[in-house]
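Here's the letter readout for the chains.
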Amino acid sequence: MSLLLAATFNAGTVLAIAALGLLINERAGIVNLGAEGMMLVAAIAGFATAVNTGNDWLAFAAGAGAGALMAAAFGVLVIWLNTNQYATGLALSLFGTGFSAFVGIKYTQEKLSERAHFDIPVLSDIPFVGPAMFKQHPMVYIAVLLTIALAWFLYRSRAGLVLRAVGESPESAHALGYPVRRIRLIAVMVGGALCGVSGAYISVIYTPLWVEGMIAGKGWIALALTTFATWRPARVLLGAYLFGGVTMLQFHLQGEGVQVPSQFLTMLPYVATIVVLVLISRNANFIKVNMPASIGKPFFPGS
């Protein structure tokens, strides 16, 4: 059970970092359906950097840069050229899938050196809890700190208030003199960078190798998490651990010899995602109260 809990935190970190990035996007009124593609491109960028430099933190930086660059292209299209956000996001996802497969051909046989082991002295020796919570990669703890920082930023800082204003009523924010388009572009790029860090974490730490399509729908689950969490950072983290636990449960059950078709176990995370979204969607008012009012809508200055 301790191993399952440890794996849950590891898997949840992947979803949490990406979902927090998408939450920033949506708080600014932008829906980016290209998370899967951004994470794939970031995964190969991070893996290639790790192979060539041997430095995991440079790999995360490369992943963040790749994600931010793709998000910037998306932002220019939807914020300045007013293309449809949903269609553009899907196109970005498809582009990322194909581009990462092409670039990653030469890295399919590459292997990273043995990963470093981390633990927090004393705390890691606590029975059951220690191995599960205090022998994790630093990025697991960074995800928790990022959640706290984002919650403070959104609800306790002036900049966070401006970001939420841009997402709720861009016309009012524009009338007050705030550069709505520039703020939205920054939010989109920050969100893309976080998706990029998540993608790099997958290829460098979570499963230290490169395989075509290795994100395997995690970008879509992260996107669903923002709705599941009603656009609140703390709920995103809890939801990420929930879905991470469901993902790891399939491997735990297989290891225990549970006689269940492997195909059924593999689809558990996606079934859980659909079930949760259906349950939440039953209360339309609850969604409307928490959802940024201008989400998915273009902004025309002076309109």
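Structure's up top.
Since the structure is predicted, the reported quantities are computational estimates derived from the model, not experimental observations.

Q: Account for the overall build of the chain, with residues named and values stated.
A: What the chain contains, in helices and strands, is 14 helices and 0 strands. Reading the secondary structure of the chain in the N-to-C direction produces α-α-α-α-α-α-α-α-α-α-α-α-α-α. The C-alpha atoms of the chain give a radius of gyration of 19 Å, which matches the 19 Å a tight globule of 303 residues would have. Along the longest, intermediate and shortest principal axes, the C-alpha atoms of the chain span 60 × 45 × 40 Å. With 303 residues in all, the chain has 52% of them scored as buried. Of the contacts formed within the chain by residues at least 6 apart in sequence, a portion of 79% connects residues at least 24 apart. Split by element, the accessible area of the chain, about 14,200 Å² in all, is 69% carbon and sulfur.

Q: A description of the side chain of Glu26 should follow, citing residues and the corresponding values.
A: Counting through the fold element by element, Glu26 comes out in helix H1 (residues 2–27). For Glu26, which is buried and forms no salt bridge, the nearest opposite charge comes from Arg27, at a distance of 8.4 Å.

Q: I'd love a proper account of the packing of aromatic side chains, names of residues and values included.
A: Counted under the stated rule, the structure contains 6 aromatic pairs. Plain terms: the ring middles of Trp57 and Phe60 are 5.3 Å apart, the flat faces sit at 75 degrees to each other, and that makes the pair edge-to-face. Of this pair, Trp57 and Phe60 both sit in helix H3 (residues 56–80), separated by 3 residues, roughly a single helical turn. By relative accessible area, Phe60 is classed as buried at 4%. Three or more aromatic residues link up through ring pairs in this structure, and these residues are Trp57, Phe60 and Tyr201.

Q: Quick rundown of unusual backbone geometry? Include the residues and the values.
A: The phi angle of most residues is negative, glycine excepted, and most peptide bonds adopt the trans form. With a phi close to 45 degrees, Thr230 is a non-glycine residue in the positive phi region. Within the fold, Thr230 resides in the loop between helix H10 (218–228) and helix H11 (233–255). With phi around 60 degrees, Trp231 is a residue other than glycine that occupies positive phi space. Assignment of secondary structure puts Trp231 in the loop between H10 and H11.

Q: I'd like to hear about the environment of Thr83, residue by residue, with values.
A: For Thr83, the position within the fold is in the loop between H3 and helix H4 (85–103). With 122 residues separating them along the chain, Thr83 and Ile205 place their C-alpha atoms 36 Å apart. Apart from residues lying up to four places away in sequence, Thr83 is in contact with Leu77, Val78 and Thr88. A distance of 2.9 Å separates a polar atom in the side chain of Thr83 from a polar atom in the side chain of Thr88.

Q: Give me the lowdown on helix H2 (residues 35–53), citing residues and values where you can.
A: The end-to-end C-alpha distance of H2, which contains 19 residues, comes to 26 Å, matching closely the 27 Å that a straight helix rising 1.5 Å per residue would cover. With 15 of its 19 residues buried, H2 lies for the most part within the structure. Backbone geometry just downstream of H2 places Gly54 in the positive-phi region, at approximately 75 degrees.

Q: Describe the nonpolar core, with residues and values.
A: Of all hydrophobic cores here, the largest spans 86 residues; its most connected members are Tyr201 and Trp210. For this core, the element with the highest residue contribution is helix H9 (residues 180–206), accounting for 15 residues. Those residues in contact with Trp210, other than ones at most four positions away along the chain, are Leu40, Ala43, Ile44, Phe47, Ser100, Ala101, Gly104, Tyr107 and Thr108.

Q: Got a sec to walk through the side chain of Gln85? Specific residues and values, please.
A: Tracing the backbone through its elements, the reader meets Gln85 in helix H4. Of the residues examined, Gln85 reaches a relative accessible area of 4% and is grouped as buried. Ignoring sequence-local partners within four residues, the contact set of Gln85 consists of Gly29, Ile30, Val31, Phe74, Val78, Gly296, Lys297 and Pro298.

Scoring rules and cut-offs
- One numbering rule holds for all chains: residues counted from 1, following each sequence as written.
- Local features in a predicted model are, by the rule used here, given only for residues with pLDDT of at least 70; side-chain atom pairs are given and counted only at 80 or more, and totals for whole chains, interfaces and linings are based on all residues.
- Working from all heavy atoms in the structure, the side-chain values ignore hydrogens and water.
- Here a helix means four or more residues in a row that DSSP labels H or I, a strand means two or more in a row labelled E, and each is numbered from the N terminus.
- Note on method: radius of gyration uses C-alpha positions; expected globular size equals 2.2 Å times residues raised to 0.38.
- We call a residue buried when its accessible area falls under 20% of the maximum for its residue type, exposed when it is over 50%, and partly exposed in between, using a 1.4 Å probe and counting protein chains only.
- Should any heavy atoms of two residues lie within 4.5 Å, those residues are considered in contact.
- Accessible surface is estimated by sampling points in the Shrake-Rupley manner with a 1.4 Å probe; for residues, cover comes only from the protein chains shown.
- By the counting rule applied here, Lys and Arg register as positive and Asp and Glu as negative, while His and the ends of each chain are not counted.
- The salt bridge criterion pairs a side-chain nitrogen of Lys or Arg with a carboxyl oxygen of Asp or Glu, the two atoms within 4 Å.
- For this analysis, a ring pair means two rings from Phe, Tyr or Trp (six-membered ring only for Trp) whose centres lie within 6.5 Å, classed as stacked if their planes differ by under 30 degrees, edge-to-face if by over 60, and tilted for the remaining angles.
- As used in this structure description, the phrase polar contact means that two N or O atoms lie within 3.5 Å; if the pair is within protein, one of them must be able to donate a hydrogen and the other to accept it, and residues adjacent in sequence are counted only when both atoms belong to side chains.
- Helix span, as expected, comes to 1.5 Å for every residue beyond the first.
- Buried residues of nine kinds, namely Ala, Val, Leu, Ile, Met, Phe, Trp, Tyr and Cys, make up a nonpolar core once their side-chain atoms join them within 4.5 Å.

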